[in-house]
Amino acid sequence: MAAFLELSGISKFFRDAAGDSLPVLQQISLSVAEGQFAAILGPSGAGKSTLLNIAAGLLPPDKGEIRVAGRSVNGQPGHASYMMQDDLLFPWQPVRVHVAMPLLIQGVPRAEALRQADELLAAFGLGAFTKQYPWALSGGMRQRAALARAYLQGSPLLLLDEPLGRLDAITRSAMQEWLESIWLKERRTILMVTHDVEEALFLADQVIVLSPRPAVIDQVLTVPFPRPRPRGLRADPAFVRMRAVLTDHLIGLAEEQAAG
C-alpha cells in the first residue's frame, strides 16, 4: 500500500526556563499507508503529542518534512481531522451543534450542517441524544460525540491523541471495539497516540515505539491479528505474549528515561 502520511527526519527543540535548547524529537521518520491504523507508544514525556501536533500542522518542525498524499504540509493546518485528549464539548451547546461545527466553520448552511450531524450521530449510536447537552452524556458518549465531530470534518487523515484515555477500563474496552467497527466502514488513515499497550495492539495495524526524549524511533511492530478483532482476542495466548513483551520493553524505556 502507498504511504499516505509521511514524516521524514522530524526534529523539534523547545527552550527550558534557562533559555537552553531542549531537544524533544530527533530525526523521526515514519509512514502510514492509506487506510492504515497506526498507533504511537512511548514513555511519558517522550514527545508523542508533540509529534501529533506536528503531523496536524499545528506546530512546525525545526527540521524535516511532513507530506500527506505526497504534498508537503509543514506547519499548515487543515489537512487532518484532529481529536485531542479532552472532548472540548462546551456545556452550553447541544451535542448536534458541537458535531456540526466543522461544517459551520466551512460555511455549510446551518440546517444542512445539523442534518449531517444528526445523521452521523445516529451512526455513532447517539441518535437519541442529538439535542442533549454534554453534561447529560456519559464519558463514553462524550468521546463518541467528539470523534463524530472529527469524522464530520471529512479529512481522510484522522489524528487521535489519547481518544479513550479518560474512560474506565470496561467502557474503554467497549469503545475500542466500537472504534474499530467505525474505522472498518470507511478505512480512513489513522495515527493515534496512546499509553495503553493493549489498546494499541487491539486497534492498530502497526505500532510505532518512541524512545525516551530526545525521541527517536525505537521500533516499529506489525500487528499480526486479522480483522475484525473479536473481544476474546485480548485473552488469546499470542496476544497476551505480545502485550507482555511490549509492556516489558516500555517499562525498560521508562526506567532508562528516569535514570538519564
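In this report, the structure presented in the accompanying data block is examined. (Residues numbered from 1 in each chain as written. Predicted model: local features only at pLDDT ≥ 70, side-chain atom pairs only at ≥ 80, totals over all residues. Heavy atoms only, no water.)

## Looking at the packing of aromatic side chains
What counts is decided by this rule: Any two rings among Phe, Tyr and Trp, with Trp reduced to its six-membered ring, count as a pair given centres within 6.5 Å; such a pair is stacked if its planes are under 30 degrees apart, edge-to-face if over 60, and tilted if neither. Elements are defined by DSSP. Helices are runs of H or I of four residues or more, strands are runs of E of two residues or more, and each kind is numbered from the N terminus. Burial here depends on accessible area, computed with a 1.4 Å probe over protein chains only, as a share of the maximum for the residue type. Under 20% is buried, over 50% is exposed, and the range in between is partly exposed. The rule is short: NZ of Lys or CZ of Arg within 6 Å of the ring centre and within 35 degrees of the ring normal puts a charge over the ring.
A complete count under the given rule lists three aromatic pairs for this structure. Geometrically, the ring pair formed by Phe37 and Trp183 is edge-to-face, given 5.6 Å between the ring centres and 75° between the ring planes. Separated by 146 residues along the polypeptide, Phe37 in strand β3 (residues 37-41) and Trp183 in helix α5 (residues 169-186) bring together distant segments of the chain. Across this residue pair, the class does not change: Phe37 and Trp183 are buried. With centroids separated by 5.5 Å and ring planes inclined at 45°, the aromatic side chains of Phe225 and Phe239 adopt a geometry described as tilted. With Phe225 in the loop between β10 (217-222) and α7 (237-259) and Phe239 in helix α7, this residue pair connects regions lying 14 residues apart in the sequence. By the burial criterion, Phe225 is buried, and Phe239 matches it. For Arg144, the ring lying beneath its charged end belongs to Trp178, and the centroid distance is 5.9 Å. Lying over the aromatic face of Phe202, Arg234 brings its terminal NZ or CZ to 4.1 Å of the ring centre.

## Some remarks on helix α1 (residues 48-56)
One turn of the α-helix equals 3.6 residues, which is why residues spaced by three or four share an orientation. Counting buried positions over the nine residues of α1 gives seven, a clear majority of the element. The complete set of buried residues in α1 reads Lys48, Thr50, Leu51, Leu52, Ile54, Ala55 and Ala56.

## So, the environment of Glu177
To be explicit about the condition: The contact definition used throughout considers only heavy atoms, calling two residues in contact when any of these lie within 4.5 Å.
Along the polypeptide, Glu177 turns up in helix α5. With near-sequence residues (within four places) excluded, Glu177 lies in contact with Phe202, Arg231 and Arg234.

## Focus on the sheet that holds strand β6 (residues 81-83)
Which entries qualify depends on this criterion: Here, strands pair whenever DSSP counts at least two bridges between them. Every angle, taken between N-to-C directions, lies between 0 and 180 degrees, and every axis is a line fitted to C-alpha atoms, over only the stretch in contact when it is a helix.
With mixed pairing, six strands are arranged side by side in an open sheet as β6-β7-β8-β3-β9-β10. Lying at the two open borders of the sheet, with one neighbouring strand each, are β6 and β10. This sheet shows a mean twist of 15° between the axes of neighbouring strands, independent of strand direction. Here strand β9 (residues 206-210) runs beside β10; their pairing, made up of five bridges, is antiparallel.

## Looking at the side chain of Ser11
Position of Ser11 among the secondary structure elements: in strand β1 (residues 3-15). Excluding residues within four positions of it along the chain, Ser11 makes contact with Leu25, Gln26, Gln27, Pro61, Asp62 and Lys63.

## Brief notes about the sheet that holds β1
Spatially, the four strands line up as an open sheet ordered β2-β1-β4-β5, and their pairing is antiparallel. Two strands lie at the open edges of the sheet, namely β2 (21-33) and β5 (71-72), each paired on one side alone.

## Observations concerning the pairing of β3
Burial within β3 is extensive, with five of its five residues counted as buried. Neither face of β3 is open: one carries Phe37, Ala39 and Leu41, the other Ala38 and Ile40, and all of them are buried.

## A few points about the nonpolar core
Applicable threshold: Note on terminology: a nonpolar core comprises buried Ala, Val, Leu, Ile, Met, Phe, Trp, Tyr and Cys residues joined through side-chain atoms within 4.5 Å.
The biggest cluster of nonpolar side chains holds 53 residues, and the ones touching the most others in it are Leu147, Val207 and Leu246. Looking at this core element by element, the count peaks at eight residues for helix α4 (residues 139-152). The contact partners of Leu246, leaving out residues within four places of it in the chain, are Leu41, Val197, Leu201, Val207, Val209 and Leu221.

## A word on the packing of helix α2 (residues 95-105) against α4
Where we set the bar: Between 65 and 115 degrees an angle is taken as roughly perpendicular, under 35 as roughly parallel, over 145 as roughly antiparallel, and anywhere else as oblique. Rotating anticlockwise by less than a right angle from the far helix to the near helix defines a left-handed crossing, while the corresponding clockwise rotation defines a right-handed one.
Between α2 and α4, the least distance of the axes is 7 Å, while the angle of their chain directions is 25°. Between α2 and α4, the interaxial angle falls into the category roughly parallel. The element α2 and its partner α4 pack so that their crossing is right-handed. Between α2 and α4, the residues in contact are Val95, His98, Val99, Ala100, Pro102 and Leu103 and Ala145, Ala148, Arg149 and Leu152, respectively.

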